[in-house]
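Residues per chain, in single letters:
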Amino acid sequence: MDGQEHMDAPQPTDAPQPIDAARVDTYLRRIGAERPARPDGPALRMLQERHLRSVPFENLSIHLGEEIRLAPEALVAKIVDARRGGFCYELNGAFASLLAALGFAVTLLQARVYDGEGRPGIPYDHLALLVRDADGHEWLADVGFGAHSLYPLAFAERAEQKDPDGSFRLAEAADGDLDLFMDGKAQFVVDLRPRALRDFTAGAWYHRTSPDSHFTRSLVCSLRTDRGRTTLSGRRLTVTQDGRRRTSELGDDAEVLAAYRDHFGMALAHLPKDPAAT
């Protein structure tokens, strides 16, 4: 089954809506990826890696006063046309539409992120993807959790899964849910019931508006690189290469805008408000 056949097939009402062929091509160019010959495991692995190395995890819209619309065309336009990033609802929402157009079967899952004391957050705290490839294998794919696995995780596997970014394990949790651990620390708990993109509206609203959300209290833009990660938080630039971290404080607005451009490919007209500076 190729991507066009998948797009022509009737879609369940809660399934991610595929983008059209022209948008697929522009999306693939955005992440520096070739169109896969078939929607199999290696193709998914390549697409997730390219996405994580090309599209930053960022919450700038919240601090720029920009609207966040959980609609496939709006999410893809932000990533592809505006060459921006986003947080989980945006990144995984757009990625789901790309995967669906390429012939993968994609299910949206809601997850609750554990805090530093091991307590799960609000329902619809995070959007993750269950992806079935052409060979019937299922994967937990995620391009919207900041520091996470570089490659999709085998969904049925309960042993440790080694990844360039750590050791990951999926474990049975209460009520049929799954816990995800990274290097032995619980990251989030996944509810396995299929969801629609619109179901995440309340979670996105909470994280855009609540003073209890870490997204309203901080400013972050972070991107996986070939040798580590680059993160800009307010005026603090942190570059990690080969396990070595270098942090610097940037000066005037022009220097910060240049950092967004040079490190993340983002051309901003003005800086977002930094909640840490108020």
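Structure: see above.
A. Representation of the side chain of R229. In this fold, R229 is placed in strand β11 (residues 228-233). Buried R229, no salt bridge; nearest opposite-charge side chain is D165, N-O distance 5.0 Å. Here S222 takes part through its side chain, which lies 2.9 Å from a polar atom of the side chain of R229. Setting aside chain neighbours within four positions, we find R229 in contact with G146, A147, S222, L223, R224, T238, V239 and T240.

B. Just helix α5 (residues 72-81), in detail. Buried within α5 are the following residues: A74, L75, V76, K78, I79 and V80. The elements touched by buried residues of α5 are α2 (21-30), β1 (57-58), α4 (60-64) and α6 (88-101). Once α5 finishes, R83 follows within two positions and takes phi at roughly 55°, a positive value.

C. Fine view of the environment of G85. Relative to the helices and strands, G85 resides in the loop between α5 and α6. Judged by relative accessible area, G85 falls into the buried class, the value being 0%. Here the alpha-carbon distance between G85 and E58, two residues 27 residues apart in the chain, equals 5.8 Å. The contact partners of G85, leaving out residues within four places of it in the chain, are V55, P56, E58, K78, I79 and L91.

D. Spotlight on the nonpolar core. Formed by 46 residues in total, the largest nonpolar core has its most connected members in Y27, L47, L98, L99, F104 and L129. Broken down by secondary-structure element, the contributors of at least two residues to this core are α2, α3 (41-54), α5, α6, β2 (105-113) and β3 (126-132). No other element matches the nine residues that α6 contributes to this core.

Rules and cut-offs
Residues numbered from 1 in each chain as written. Predicted model: local features only at pLDDT ≥ 70, side-chain atom pairs only at ≥ 80, totals over all residues. Heavy atoms only, no water. Helix = DSSP H or I, 4+ residues; strand = E, 2+ residues; numbered from the N terminus. Buried < 20%, exposed > 50% of the residue type's maximum accessible area, 1.4 Å probe, protein only. Lys, Arg positive; Asp, Glu negative; His and termini not counted. Salt bridge = Lys/Arg side-chain N within 4 Å of Asp/Glu carboxyl O. Polar contact = N/O pair within 3.5 Å; in protein donor to acceptor, adjacent residues only side chain to side chain. Contact = heavy atoms within 4.5 Å. Core = buried A, V, L, I, M, F, W, Y, C linked by side-chain atoms within 4.5 Å.

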